[in-house]
There are 2 protein chains.
Amino acid sequence: MTRIPAPERRSALIEAALRVAARVGIAQATTRAIVAEAGMSLASFHYVFDSRDELIDELITTVVAREQQAVIPDLSPGQSLAELLESGIVGYFEHLKADPEHEQAMLELTQYALRSPERRSLALAQYARYTELAERSLELAAEVADVTWRIPVSEVARVLVAFTDGLTITWLVDRDDDAARAVAHVAADALSRMADPR
Amino acid sequence: MTRIPAPERRSALIEAALRVAARVGIAQATTRAIVAEAGMSLASFHYVFDSRDELIDELITTVVAREQQAVIPDLSPGQSLAELLESGIVGYFEHLKADPEHEQAMLELTQYALRSPERRSLALAQYARYTELAERSLELAAEVADVTWRIPVSEVARVLVAFTDGLTITWLVDRDDDAARAVAHVAADALSRMADPR
DNA sequence: TCCGGACTGGGACGACCGTCCCACTTCGGT
DNA sequence: ACCGAAGTGGGACGGTCGTCCCAGTCCGGA
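Keep in mind that this is a model prediction, so the values were computed, not measured.

Draft legend 1. Representation of the domain arrangement of chain A within the structure. Residues and elements named next belong to chain A. Under the domain assignment used here, chain A contains domain 1 (6–64) and domain 2 (70–197). Of note, the centres of domain 1 and domain 2, computed from C-alpha atoms alone, are 28 Å apart. With 15 residues of domain 1 in contact, the opposing surface of domain 2 contributes 13 residues. For the pair domain 1 and domain 2, the summed buried surface comes to about 1200 Å²; carbon and sulfur atoms form 70% of the total. Ranking the residues of domain 1 by area buried against domain 2 places Ile 26, Ile 60 and Val 64 at the top, with a combined share of 44%. In this structure, the salt-bridge partner of Asp 53 is Arg 119, at a minimum N-O distance of 3.6 Å. Linking domain 1 to domain 2 there are four residue pairs in polar contact (both at pLDDT 80 or more).

Draft legend 2. A look at the relation of the copies chain B and chain A. When chain B is fitted to chain A, the best match, at an RMSD of 0.0 Å, comes from turning it 180° and sliding it 0.0 Å along the axis. The relationship between the two copies is best expressed as a two-fold rotation axis. Every residue of chain B has its C-alpha some distance from the rotation axis, and the shortest such distance is that of Gly 166 of chain B, at 1.9 Å. Take the interface residues of chain B: 100% of them recur as interface residues in chain A, which is what a same-surface contact looks like.

Draft legend 3. Summary view of the UniProt feature "domain: HTH tetR-type" (unreviewed entry) in chain A. Per the UniProt record, the feature "domain: HTH tetR-type" (unreviewed entry) sits at residues 7–67 of chain A. Between the end C-alpha atoms of residues 7–67 of chain A the distance is 21 Å, and the span holds 77% helix and 0% strand.

Draft legend 4. Here's a closer look at the pattern of salt bridges. Using the criterion set out here, one finds 32 salt bridges over all chains in the structure. Across the pair Arg 115 of chain A and Glu 108 of chain B runs a salt bridge, and its minimum N-O distance is 2.7 Å. With Arg 115 of chain A in the loop between helix H7 (100–114) and helix H8 (120–145) and Glu 108 of chain B in helix H7 (residues 100–114), this pair bridges two chains. For Arg 115 of chain A, a relative accessible area of 22% translates into the label partly exposed. By relative accessible area, Glu 108 of chain B is classed as buried at 10%. In this structure, a network of salt bridges that share partners links the residues Arg 10, Glu 54 and Glu 58 of chain A.

Here is what the cut-offs are and how they apply
Within each chain, residue numbers correspond to sequence positions counted from 1 in written order. A letter from A marks each chain and a number from 1 marks each ligand, given out in the order of writing. Predicted model: local features are reported for residues with pLDDT of at least 70 only, side-chain atom pairs are reported and counted for 80 or more only, and whole-chain, interface and lining totals are derived from all residues. Hydrogens and water are ignored here; the side-chain numbers use all heavy atoms of the structure. For the purposes of this description, domain bounds are those given by an automatic or database domain assignment. Any two residues having at least one pair of non-hydrogen atoms within 4.5 Å are treated as being in contact. The quantity reported as buried area is the accessible area (1.4 Å probe) lost by two parts once they are put together, taken as the sum for both. Take a side-chain nitrogen of Lys or Arg and a carboxyl oxygen of Asp or Glu: if they are within 4 Å of each other, that pair is a salt bridge. Throughout this description, a polar contact denotes any pair of N or O atoms lying within 3.5 Å of each other; where both atoms belong to protein, one of them has to be capable of donating a hydrogen while the other can accept it, and for residues adjacent in sequence the pair is counted only when both atoms sit in side chains. In superposing the copies, a least-squares fit is computed on C-alpha atoms, taking residues whose pLDDT is at least 70 in both. UniProt positions are given in the numbering used here, feature names are shortened, and annotations may be inferred rather than shown by experiment. Only runs of H or I of at least four residues qualify as helices and only runs of E of at least two qualify as strands under DSSP, and these elements are numbered from the N terminus. A simple rule labels every residue: compare its accessible area, found with a 1.4 Å probe on the protein chains alone, to the largest value its type can have, and call it buried under 20%, exposed over 50%, or partly exposed in between.

Written out as structure tokens, the structure is:
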């Protein structure tokens, strides 16, 4: 009824698609389910998106781009590097616990992107972004703890991403908070050994 | 044409389904794609399976049950625990590299199972199995290296599963062998610190 | 040899999917 | 006040999905 300009409608549909994907998975995020969530008609969908795939692609791009501060920890000084890293990872874990379905949808989005050659780059960009965020957190932690990374931060960051990913999947399956915290502890300890006092 | 008894047909269909799922993903593993892969008609499918979901469930169960020796490393003595663990993880990594699509399908299967409440237990069983295999490898490594685990092996195993899972996903995305090996190295180092000399 | 159950092939069904079309309404600029 | 563009609603189309049905074929035991 109320008329909405195309660009606004695009982002409204992307938000709706994200909610639907979190609730029922991307496979079930049909055009009809998305427009129902957004309270629109199918025509409005195809007025602003050529295809569902175009929306999914933009969904990945958008969500990855905004993944910002959620995971960047605020670190209080006076702690060892290992402690800083652990509280950083635990911070991410709290974020995961706060909205597990969102993170599950992110995982599905990656798998989805990996399944078609022309979408592979989206998965790569997603993980490049994760690594970039991890890198920033690691630099911050090193600064606060007054240490320097022995190997390039980007490489440490790549390991951190792998560890948090593993933490995510296993927790999504068994929902074992203690086990996840143990992973965080061990991972932080391992990463902290990759730095030297300044 | 050639007549096949029902139990044989069941397993033939499951094998076919696994191949299809590895090739194109579970979402695209339709009943028609599966019977085409198995060289049967749709009627044969529903003669032995009530529904596609029943096959998928049995697919998960079957594949998880047989996941056996693939990941259990054969360890040569004379190495430190960290070295043993690293070569074990690298062994898994080689297994992953040998058939990435299979591991990708396993990941999709997990996500699929997590999406419906009545299938959640399948994902749990899958990871319980992973943990069990990890546990056996860890016990073996500890024996060869003549050390004992400071905390319950099952807890160490759970961490190892998380680490290998993280290694798997990140590598499936960026296919960076060196980075994966770095993850293996760091993970092995971290785990080795959870044991004491005997 | 026959008969009942096991198995097969092909076609059909209803549901849902992504996409498209077209008549209609609203809006901003002139 | 008017007009072209922007936006909307509803219905339809072709395709694919899971599932089902049924007439037929094969086989082993009586």
